[in-house]
Amino acid sequence: MRRFLPLLLVPILATLAVSAFAADAPPAAQFEGRVDVREVLLDVLVTDRQGNVIVGLEPKDFRVTENGKPVDLAGLSFYSNRKFLGSTAEAAKRAIAADAPLENRYFILLFNDVRMLAIDAPSLLSQQLQAARKAQEWFKGLLPNDWVAVATFDTKLKIHTDFTRDRRTLDAAIAEVVGGKDPETEWPSRVGNGATGASAAPSLLAHLPQGKALRDKTVDIYDAMTVLSNAAEPITGRKNLLLFSIGFGRISEFGQYLPDTQHYKPAQQALNDANVAVYTIDLWPAGTDHTLSSGLNLLASDTGGTYLFNFVNFATPLQKILEENNGYYLLAYKSERPAGAEGFQKVEVKLVNPEFKVKAREGYSYGKRGAS
């Protein structure tokens, strides 16, 4: 009798993950090592046109395809960060929202520091300061099961605070961002253990390089996102990276945006592998038309986040992010791969009802990277 053993344990609350199953000493050698059966878990946000979370959907409401071929969903669950989502009474009767397990939410605020550009564009520094101060106000709307970390990148990645729920710690971190101060987060006593239990705080610092090693491994914004993704990967659940930036990438001689494929693709795949959705928040003033916006939009789209721009108050995109992450669906299905194969599989998720908006990450890695 053939029996499958999981090579990678995927918790039920995980967002996008791949677990590989291999045969355990089958008697018939002809089947050994030929096929890996993988369970794909995909976190999906579904909202109406106003951004309200839609509850009560069933497997038949989703259309999931790989390379244009439909896949059969083996399971669907809904997870919420609060007991009730303010949905209609009819939706509440369907119990999917009311009975959903309460989830932690994880937010990483990353400021792509514009201080070095302030001489030529002083308005950008003003925008960054406004964003930081609105973040302090935004903290007041967080729920008891929300965890927040604050970081900046200028010439290296700086962690101003690890994941915390403490308002005073978050306010102090934002004060460092506003003042351009280097953080004091490299002392061993300040580093957590990365645990996600009820009594322990999740930690980025526990999985980050320390001191000069962190500086050497984060020479550009792509490195910073990759290193943050790797540090966040052990934490179970969907993670949200709020990237405050003016954009990145290359501009052609004709003034067109060109993705930096050498650096962008590894960062994008690391974000997807770690279940990190990027919400890119444009630091350019409202009404500014700039070419690098294409890079911000691409990154958000590829990771299941949102590109937020053309607003007059940073409170607007921050509130939208909170509301959009009130709940998500976890879709599960199985996919077969030749044993030992490695790569990145694109996935497309659509809804039967065209009135709803769906947001999901671009795909998942499989093979050695996907099982790491």
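Predicted model, so just to flag it, every value in this text is computed and none were measured. (Residues numbered from 1 in each chain as written. Predicted model: local features only at pLDDT ≥ 70, side-chain atom pairs only at ≥ 80, totals over all residues. Heavy atoms only, no water.)

Which parts of the structure should I look at to understand the sheet that holds strand 4 (residues 62-66)?
Strands pair in a sheet through their backbones, by hydrogen bonds, and they do so in one of two ways: parallel or antiparallel. Strand order in the open sheet formed by 3 strands is 5-4-17, and the pairing between neighbours is antiparallel. If you trace the sheet from one side to the other, it starts and ends with strand 5 (69-70) and strand 17 (348-351), each paired once. Taken together, the 4 bridges between strand 4 and strand 17 define a ladder with antiparallel strand orientation. Bridge pairing in strand 17 places Thr65 opposite Glu348. (Pairing = 2+ DSSP bridges. Helix = DSSP H or I, 4+ residues; strand = E, 2+ residues; numbered from the N terminus.)

Honestly, helix 5 (residues 221-232) in this entry has me stumped. Any pointers?
For an α-helix, the turn length of 3.6 residues means that residues three or four places apart are oriented alike. Along its 12 residues, helix 5 runs 16 Å from first to last C-alpha, staying within 8% of the 16 Å computed at 1.5 Å per residue. Counting buried positions over the 12 residues of helix 5 gives 10, a clear majority of the element. Within helix 5, burial applies to Ile221, Tyr222, Ala224, Met225, Thr226, Val227, Leu228, Ser229, Ala231 and Ala232. Residue Asp220 occupies the N-cap position of helix 5, its side-chain oxygen lying 3.1 Å from the main-chain nitrogen of Tyr222. (Expected span 1.5 Å × (residues − 1). Buried < 20%, exposed > 50% of the residue type's maximum accessible area, 1.4 Å probe, protein only. Polar contact = N/O pair within 3.5 Å; in protein donor to acceptor, adjacent residues only side chain to side chain.)

Looking at this model, I keep getting lost on the nonpolar core. Mind explaining?
Across soluble globular proteins, nonpolar side chains have a tendency to be buried as a group. Judged by nonpolar contacts, the single largest core of 37 residues is most densely connected at Leu109, Phe111, Trp138, Phe139, Leu242, Phe244 and Ile281. Looking at this core, the element that brings in the most residues is helix 2 (residues 122-138), giving 5 residues. Ignoring anything within four residues of it in the chain, the contact list for Phe139 reads Leu109, Val148, Arg167, Leu170, Asp171 and Ile174. Leu110, Ala232, Leu241 and Leu243 belong to the second-largest nonpolar core, a separate cluster that totals 36 residues. (Core = buried A, V, L, I, M, F, W, Y, C linked by side-chain atoms within 4.5 Å. Contact = heavy atoms within 4.5 Å.)

Where do I start with the packing of aromatic side chains in this structure?
The geometry of an aromatic ring pair is captured by the separation of the ring centres together with the interplanar angle, meaning the angle of the planes. One pass over the structure, following the stated rule, counts 10 aromatic pairs. Where Phe311 meets Phe314, the ring centres are 5.0 Å apart and the plane angle is 70 degrees; that geometry is what we call edge-to-face. The rings of Phe62, Phe78 and Tyr329 are connected pair by pair, giving a single aromatic cluster. (Phe/Tyr/Trp six-rings, centres within 6.5 Å; stacked < 30°, edge-to-face > 60°.)

Looking at this structure, how should I read the packing of helix 5 against helix 6 (residues 261-273)?
Where helix 5 meets helix 6, the axes come as close as 8 Å, and the angle between the chain directions of the two elements is 20 degrees. Comparing their axes, helix 6 and helix 5 come out roughly parallel. Crossing angle aside, the handedness with which helix 5 passes helix 6 is left-handed. Touching Tyr222, Met225, Thr226, Ser229 and Asn230 of helix 5 are His263, Tyr264, Pro266, Ala267, Ala270 and Leu271, all from helix 6. (Axes fitted to C-alpha atoms, helices over the stretch in contact; angles between N-to-C directions. Parallel < 35°, antiparallel > 145°, perpendicular 65-115°, else oblique. Left-handed = near helix turned anticlockwise from the far one by under 90°.)

Help me understand the packing of helix 2 against helix 3 (residues 167-179) in this model?
When two helices pack together, their arrangement is captured by the angle between the axes and the distance separating the axes. Running from amino to carboxyl end, helix 2 crosses helix 3 at an angle of 175 degrees, the nearest separation of the two axes being 10 Å. As the angle between them shows, helix 2 and helix 3 are arranged roughly antiparallel. Contacts between helix 2 and helix 3 pair Leu129, Ala132, Arg133, Ala135 and Gln136 from the former with Arg167, Asp171, Ile174, Val177 and Val178 from the latter. Residues of the contact of helix 2 with helix 3, tallied by class, amount to 6 nonpolar, 1 polar and 3 charged. (Nonpolar A, V, L, I, M, F, W, Y, C, P; charged D, E, K, R; others polar.)

Explain the pattern of salt bridges to me, please; I cannot follow it from the model alone.
Pairing is possible between side chains of opposite charge, provided their charged atoms come close. Counted according to the given criterion, the structure contains 15 salt bridges. The partner of Lys346 in a salt bridge is Glu362, and the shortest N-O contact between them spans 3.7 Å. One end of the pair, Lys346, is in strand 16 (residues 343-346); the other, Glu362, is in the loop between strand 18 (357-360) and strand 19 (363-366), and 16 residues separate them in sequence. Its relative accessible area of 14% is what places Glu362 among the buried residues. Linked by salt bridges that have partners in common, Asp43, Arg238 and Arg361 make up one network. (Salt bridge = Lys/Arg side-chain N within 4 Å of Asp/Glu carboxyl O.)

How should I be thinking about the side chain of Asp43 in this particular structure?
Structurally, Asp43 can be placed in strand 3 (residues 35-47). For Asp43, a relative accessible area of 1% corresponds to the buried category. Engagement of the side chain of Asp43 in a polar contact is seen with the side chain of Arg238, the distance being 2.7 Å. At a separation of 3.2 Å, a polar atom in the side chain of Asp43 contacts the side chain of Arg361.

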